[in-house]
Amino acid sequence: MIMHPRMPEIAEIGWAQTHYKCENQHNFTKDGELVDVFGNPLKKKPVVKKDKTEGNLSYSIKEEAITITKCNSSASGELSIPATIEGKSVTSIGERAFSKCHKLTSITIPDSVTSIGDGAFKSGSNLTTIEVGAGNPDYTDMDGVLFNKEKTALRIYPAGKTGDNYTIPDGVTRIEYRTFYGCTSLTSITIPDSVTSIGKWAFRECTGLTSITIPDGVTSIGVAAFYGCERLTSLTIGNSVTSIGNKAFSSCRKLTAVTFLGDAPKAGEQVFEFTISTIYRNPEAKGWGDTWGGRPVKLISEKP
């Protein structure tokens, strides 16, 4: 007769109960450690900590630092992010943290914040001002517009800011992700020669824009950078652009004329989807065919 080893914790349990416990992998302890019914060590499930709240803000704690993760959607008017919570420094603002705070008009960032996630302030058309503490080592503001400290990267232009035109300061080299997203009141934006890259979604749904010139310094235009600029009718692209991302000018339904001053860049997919545009190029430029990005190509001399 074959003798089976005795299982101490469940020996006195009836067969049905024993079988049930085995099937469901109920846990036991052996020498103070969690084991399954066969005595195999079990990995402990990580404890997921819920975000805490402070006023209208939700936050998480990691290694004695605070990250703002969410804002109560009922928050309105002016909001100042505290420099400390629970005696710990507020160092980060998470991705899309304020994306549902459509009633806020002003946000003040303390000196302690050194990291701001993508889309953190996509918060609707009422936000007019983002201010940064003068001692912040990583960020600054100019007239309520958010930049990195060196003012080489334009981070966020508040969608509710008044005025129908804006000139990006000289010295800015990067227009970043979502910078002007949904700035519907702007009809004119001037980009300086210092800019070299336009990030994805940078001007998405700027429905008031009617024309724009991308200067010779720009080498790349990101994915959906001008997606949904419904009133955009004309566009001039400088001679240094080498790549244009997917859907960069998609749904610019009134875009009729696109003038390229340089060689044909590398095109993403559906760059001019849902447009009626014609491309005009210099006769000496290289890489052009009869069509580009699905649109007809003609010489600048043929432009009406």
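Anything mentioned here points back to the structure above.
Residues numbered from 1 in each chain as written. Predicted model: local features only at pLDDT ≥ 70, side-chain atom pairs only at ≥ 80, totals over all residues. Heavy atoms only, no water.

Looking at the packing of aromatic side chains
The full count for this structure, using the stated rule, is 14 aromatic pairs. Relative to phenylalanine 121, the ring of phenylalanine 98 lies with its centre 5.4 Å away and its plane at 25°, an arrangement referred to as stacked. Placement of phenylalanine 98 in the loop between strand S8 (88-93) and strand S9 (103-109) and of phenylalanine 121 in the loop between strand S10 (115-116) and strand S11 (129-132) is noted, with a sequence separation of 23 residues between them. Phenylalanine 121 shares its class with phenylalanine 98; the two are buried. (Phe/Tyr/Trp six-rings, centres within 6.5 Å; stacked < 30°, edge-to-face > 60°. Helix = DSSP H or I, 4+ residues; strand = E, 2+ residues; numbered from the N terminus. Buried < 20%, exposed > 50% of the residue type's maximum accessible area, 1.4 Å probe, protein only.)

Some points on unusual backbone geometry
Most peptide bonds adopt trans geometry, and most residues besides glycine take a negative phi value. One non-glycine residue with positive phi stands out, namely arginine 96, at about 55°. For arginine 96, the position within the fold is in the loop between S8 and S9. Within the chain, tryptophan 201 stands out as a residue other than glycine whose phi angle is a positive 65°. Here tryptophan 201 shows up in the loop between strand S18 (197-198) and strand S19 (211-214). On the basis of relative accessibility, which here comes to 24%, the residue tryptophan 201 falls in the partly exposed class.

Here we look at the pattern of salt bridges
Tallying each qualifying case throughout the model produces 7 salt bridges. Between glutamate 273 and lysine 247 there is a salt bridge, and its shortest N-O distance comes to 2.6 Å. Here lysine 247 lies in the loop between strand S22 (243-244) and strand S23 (257-260) and glutamate 273 lies in the loop between strand S24 (266-267) and strand S25 (278-281), a separation of 26 residues in the sequence. Three or more residues joined by partner-sharing salt bridges are found here, namely Arg155, Arg174 and Glu176. (Salt bridge = Lys/Arg side-chain N within 4 Å of Asp/Glu carboxyl O.)

Some thoughts on the side chain of asparagine 148
Within the element layout of this structure, asparagine 148 appears in strand S13 (residues 145-148). Judged by its relative accessible area of 11%, asparagine 148 falls in the buried class. At 2.8 Å, the side chain of asparagine 148 and the backbone nitrogen of threonine 152 are in polar contact. (Polar contact = N/O pair within 3.5 Å; in protein donor to acceptor, adjacent residues only side chain to side chain.)

Looking at the side chain of serine 277
Summarising the element assignment, serine 277 is placed in the loop between S24 and S25. Separated by 3.0 Å, the side chains of serine 277 and threonine 275 make a polar contact. Beyond its immediate stretch of four places on either side in the chain, serine 277 contacts Leu255, Thr256, Val258, Phe272, Arg295 and Pro296. (Contact = heavy atoms within 4.5 Å.)

Things to note about the sheet that holds strand S12 (residues 139-142)
Taken in spatial order, the 8 strands line up as S12-S13-S14-S16-S18-S20-S22-S24 in an open sheet, and their pairing is mixed. Both edges of this open sheet fall to S12 and S24, since each of them pairs with a single strand only. Two elements, strand S16 (residues 174-175) and S18, share 2 bridges in a ladder whose sense is parallel. Looking at the pairing, arginine 174 lines up with serine 197 of S18. (Pairing = 2+ DSSP bridges.)

Here's the deal with the sheet that holds strand S21 (residues 234-237)
If you walk across this open sheet you meet the 6 strands as S19-S21-S23-S25-S27-S26, and the pairing is mixed. Looking at the sheet topology across the chains shown, the edges are occupied by S19 and strand S26 (291-292). Relative to strand S27 (residues 295-299), S25 runs parallel, the two being bridged by 3 bridges. Following the sheet pairing, isoleucine 279 is matched in S27 by valine 297.

Considerations on the environment of aspartate 193
Residue position: aspartate 193 is located in the loop between strand S17 (188-190) and S18. Along the primary structure aspartate 193 and aspartate 170 are separated by 23 residues, whereas in three dimensions their C-alpha atoms are 7.5 Å apart. When neighbours within four sequence positions are excluded, aspartate 193 is seen to be in contact with Pro215 and Gly217.

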